[in-house]
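# Chain and residue survey
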Amino acid sequence: MTQVTFKGTPMTLIGEQVKEGSVAPDFSVLANDLSVRTLADFEGKKKLISVVPSIDTGVCSTQTRTFNENASDVDNAVVITISCDLPFAQAKWCAANGLENVVTLSDHKDLSFGTSYGVVMEELRLLARSVFVLDADNKVVYTEIVPEGTDHPDYDKAVEALKSI
């Protein structure tokens, strides 16, 4: 299991961490309009799932923007940002930042995504900064759980993984 800290404080991750080569587990999260979204809603597409503790913070905002700028033009792919922020806060962030086509999903309701992927920080009830790349058949081809929650993920490796499938 990956060891994670947040601002230097050790965190306990809840759930089973997904491994490269495995089939990605399903999840149930909320879209900005409060509709339920699952992995099946992105069926047949390559997926870069960018996981952030809170979209309205510096590193999380940069992560969301960077992945959308660098990977949104990949054929048959979707970039998804998931956090525990309320759907209303995610929608407000997107509007304030002029990002109309960003897919933001909230795991606030029941932590379905976070527990299925092993990235819930128990002490904070937030998701650990991480990245998952799935092929069109939901096979996990890349994972990164960032060891320190205030650090950036490896943008280049994640985008390259998406482009290589």
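The chain carries the name Thiol peroxidase in an unreviewed UniProt entry, which gives Macrococcus bovicus as its organism. The UniProt entry for the chain carries the following comment under Sequence similarities (unreviewed entry): "Belongs to the peroxiredoxin family. Tpx subfamily." The Subunit (unreviewed entry) comment attached to the chain in UniProt states, word for word, "Homodimer."

## Observations concerning the overall build of the chain
Each helix and strand counted, the chain has four helices and twelve strands in total. Dimensions of the chain, computed from the C-alpha atoms along their principal axes, are close to 40 × 35 × 30 Å. A buried classification covers 50% of the 165 residues belonging to the chain. Long-range pairs, those at least 24 residues apart, make up 66% of the contacts in the chain with a sequence separation of at least 6. Total accessible area on the chain is roughly 7,600 Å²; 50% of this is exposed by carbon and sulfur atoms.

## Side note on the pattern of salt bridges
Summed over the entire model, instances satisfying the criterion amount to one salt bridge. Between Arg37 and Asp41 there is a salt bridge, and its shortest N-O distance comes to 3.5 Å. Classification of Arg37 as partly exposed rests on a relative accessible area of 24%.

## Quick notes on helix H2 (residues 87–96)
Regarding H2, the residues found buried are Pro87, Gln90, Trp93 and Cys94. Buried positions in H2, seen along its axis, are confined to an arc of 125 degrees and lie on one side of it. Away from the buried face of H2 by more than 90 degrees, exposed residues Phe88, Lys92, Ala95 and Ala96 are located. On its buried face, H2 sits against strand S4 (28–30), helix H1 (58–71), strand S7 (77–83) and strand S8 (103–106).

## A short note on the sheet that holds strand S9 (residues 120–121)
The sheet built from three strands is open, its strands ordered S3-S9-S10 with antiparallel pairing. Two strands bound the open sheet, and with one partner strand each, they are strand S3 (13–14) and strand S10 (126–127). With two bridges connecting them, S3 and S9 associate as antiparallel partners. Within S9, the residue paired with Leu13 across the bridge is Met121.

## Some remarks on the packing of aromatic side chains
A full pass over the atoms with the stated rule returns six aromatic pairs. Seen in terms of ring centroids, Phe67 and Tyr155 are 5.1 Å apart; in terms of plane orientation they differ by 65 degrees. Their pairing is edge-to-face. Of this pair, Phe67 sits in helix H1 while Tyr155 sits in helix H4 (residues 155–163), placing them 88 residues apart in sequence. For the pair Phe67 and Tyr155, one class covers both residues: buried. With centroids separated by 5.2 Å and ring planes inclined at 70 degrees, the aromatic side chains of Tyr117 and Phe132 adopt a geometry described as edge-to-face.

Thresholds, definitions, all that
- The numbers attached to residues start from 1 for each chain and follow its sequence in the written order.
- Residue-level local features of this predicted model are given only where pLDDT is at least 70; pairs of side-chain atoms are given and counted only at 80 or more, and the full residue set underlies all totals for whole chains, interfaces and linings.
- Remark: hydrogens and water are excluded; side-chain values derive from all non-hydrogen atoms of the structure.
- UniProt positions are given in the numbering used here, feature names are shortened, and annotations may be inferred rather than shown by experiment.
- Note on conventions: DSSP H or I runs of at least 4 residues are helices, E runs of at least 2 residues are strands, and numbering of each starts at the N terminus.
- Only protein chains enter the accessibility calculation, which uses a 1.4 Å probe; a residue whose area is less than 20% of its type maximum is buried, one above 50% is exposed, and one in between is partly exposed.
- In this description, contact between two residues means that some pair of their heavy atoms is separated by no more than 4.5 Å.
- Each accessible area is a Shrake-Rupley estimate made with a 1.4 Å probe; only the visible protein chains count as cover when residues are assessed.
- The working definition used for a salt bridge is a side-chain nitrogen of Lys or Arg within 4 Å of a carboxyl oxygen of Asp or Glu.
- This arc corresponds to the set of directions leading from the helix axis out to the C-beta atoms.
- The pairing criterion for strands is at least two bridges between them, as found by DSSP.
- Paired rings are identified among Phe, Tyr and Trp, the last through its six-membered ring, by centres lying within 6.5 Å, and are further divided according to the angle between planes into stacked (under 30 degrees), edge-to-face (over 60) and tilted (the rest).

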